[in-house]
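# Close look at the chain arrangement
Take a look at the letters that make up each chain.
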Amino acid sequence: MRVSDKPTIKRIPCPHCGHITRIRKTREYSRAYREITCQCLNEKCGCTFVASVEPVRILVPSAIPDPTVHIPLSEHINVKQLALSLNEPKKRA
Ligand SMILES: [Zn+2]
């Protein structure tokens, strides 16, 4: 699997007209919570709003977890299998 270095940013649509918005400002309250100020690019609308960005569940656990970050694991993760794989010695490529 190839992983791109470029982040993919999906724009948040305007809640009133559905047009694309531009992120004007971000404010990080913690590593797991930030607020972004979005401005609608529809000149007939002009709505500006604040949206929150917060991870709600982990799909693939981090290989370098921060012990101060507490985000629930997704229900699809088999906890027993995860524990076994974390305890396996790393295979050399
Ligand atoms: Zn709008």
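Scroll up to find the structure this text is about.
Below is a short write-up of the structure.

Here is what the cut-offs are and how they apply
Residues numbered from 1 in each chain as written. Predicted model: local features only at pLDDT ≥ 70, side-chain atom pairs only at ≥ 80, totals over all residues. Heavy atoms only, no water. Donors = N, O, S within 2.8 Å, 3.2 Å for Na, K, Ca; no water. Tetrahedral: all angles 85-135°; square planar, octahedral: opposite > 155°, others 65-115°. Pairing = 2+ DSSP bridges. Helix = DSSP H or I, 4+ residues; strand = E, 2+ residues; numbered from the N terminus. Axes fitted to C-alpha atoms, helices over the stretch in contact; angles between N-to-C directions. Phe/Tyr/Trp six-rings, centres within 6.5 Å; stacked < 30°, edge-to-face > 60°. Buried < 20%, exposed > 50% of the residue type's maximum accessible area, 1.4 Å probe, protein only.

Let's shift gears to the coordination of the zinc ion. Looking at the zinc ion, the protein donor atoms are Cys14 (SG), Cys17 (SG), Cys40 (SG) and Cys45 (SG), and they sit 2.3 to 2.4 Å from it. Geometry at the zinc ion is tetrahedral, judged from its 4 donor atoms and the angles of 96 to 117° they form at the metal. Of note, the donors binding the zinc ion are all from one chain and are spaced C-x2-C-x22-C-x4-C.

On to the pairing of strand S2 (residues 33-40), then. Bridging between strand S1 (residues 21-30) and S2 involves 8 bridges; their strand directions are antiparallel. The residue of S2 that forms the bridge with Thr26 is Ile36. Here S1 folds back onto S2, and the loop between the two strands holds 2 residues. Alignment of S2 against strand S3 (residues 48-53), held across 6 bridges, turns out to be antiparallel.

What follows covers the sheet that holds S1. If you trace the 3 strands from one edge of the open sheet to the other, you get S1-S2-S3, paired in antiparallel fashion. The open sheet has two edge strands with one neighbour each: S1 and S3. For this sheet, the mean inter-axis angle between neighbouring strands, taken without regard to orientation, is 20°.

In this section: the packing of aromatic side chains. Each aromatic ring pair is characterised by the separation of its centres together with the angle its planes make. Scanning all chains against the criterion turns up 1 aromatic pair. Residues Tyr29 and Tyr33 carry aromatic rings whose centres are separated by 5.9 Å and whose planes lie at 50° to one another, so their mutual orientation is tilted. Since its relative accessible area comes to 45%, Tyr29 is described here as partly exposed. Tyr33 sits in the partly exposed class, given a relative accessible area of 24%.

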